Amino acid sequence: MSINRRLLTDTDFQEAMERQLRMRVFKNDHIVDSGGVILRFDDNTVVIQSSVSELAYHNRRDCEFFELKRRT
């Protein structure tokens, strides 16, 4: 089982990026990305890498970002 914490602030995104936390991204109430880590972000875009060659660019305003934590 996992629990999700929503990322809202730059500090939230920075912490998730530094700790290489796995992410789940929603757009219009649908999962559009899952399991990747944040490579970089700015006020408009969050770049998530799911594998060596797979990058996804998500609009920060249009999407909701959650860190995935395993519940122990």
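To be clear, the structure that these remarks concern was listed above.
Procedures and definitions
Residues numbered from 1 in each chain as written. Predicted model: local features only at pLDDT ≥ 70, side-chain atom pairs only at ≥ 80, totals over all residues. Heavy atoms only, no water. Salt bridge = Lys/Arg side-chain N within 4 Å of Asp/Glu carboxyl O. Helix = DSSP H or I, 4+ residues; strand = E, 2+ residues; numbered from the N terminus. Buried < 20%, exposed > 50% of the residue type's maximum accessible area, 1.4 Å probe, protein only. Phe/Tyr/Trp six-rings, centres within 6.5 Å; stacked < 30°, edge-to-face > 60°. Patch = residues over 30% accessible without salt bridge, like charges linked within 9 Å, V, L, I, M, F, W, Y side chains within 5 Å. Areas by Shrake-Rupley, 256 points an atom, 1.4 Å probe, with all protein chains shown as cover.

(A) Representation of the pattern of salt bridges within the structure. Here the structure, examined in full by the defined rule, presents six salt bridges. The residue Glu 64 makes a salt bridge to Arg 6 at a minimum N-O spacing of 3.4 Å. Within this pair, whereas Glu 64 is found in strand 6 (residues 63-70), its partner Arg 6 is found in strand 1 (residues 2-7), the two being separated by 58 residues in sequence. The partly exposed category is assigned to Glu 64, whose relative accessible area is 27%. In this structure, the salt-bridge partner of Arg 60 is Asp 10, at a minimum N-O distance of 2.8 Å. Of this pair, Arg 60 sits in the loop between strand 5 (54-59) and strand 6 while Asp 10 is found in helix 1 (residues 10-18), placing the two residues 50 residues apart along the sequence. Members of the salt-bridge network, linked through shared partners, are Arg 5, Asp 12, Glu 15, Arg 19 and Glu 67.

(B) A look at the packing of aromatic side chains. Following the criterion strictly, the structure yields three aromatic pairs and no others. Each ring, one from Phe 13 and one from Phe 41, has its centre 5.5 Å from the other, and the planes form 35 degrees; the classification is tilted. Here Phe 13 is found in helix 1, whereas its partner Phe 41 is found in strand 3 (residues 30-41), with 28 residues between them in sequence. On the basis of an interplanar angle of 75 degrees and a centroid distance of 5.4 Å, the ring pair of Phe 13 and Phe 65 is categorised as edge-to-face. With Phe 13 in helix 1 and Phe 65 in strand 6, the pair connects residues that are 52 residues apart, well separated along the chain. Take Phe 13: its relative accessible area is 1%, and that puts it in the buried class.

(C) Fine view of a nonpolar patch on the surface. Together, Leu 39, Leu 55 and Tyr 57 give the surface a local cluster of nonpolar side chains, amounting to about 290 Å² of exposed area. Within the element layout of this structure, Leu 55 appears in strand 5. In this structure Leu 55 comes out as partly exposed when scored by relative accessible area, which is 40%.

(D) Seen up close, unusual backbone geometry. Positive phi, close to 50 degrees, is recorded for Gln 20, a residue that is not glycine. Residue placement: Gln 20 occurs in the loop between helix 1 and strand 2 (23-27). The exposure class assigned to Gln 20 is exposed, which follows from its relative accessible area of 58%. Despite not being glycine, Asp 29 shows a phi value in the positive range, around 65 degrees. When you line up the elements, Asp 29 lands in the loop between strand 2 and strand 3.

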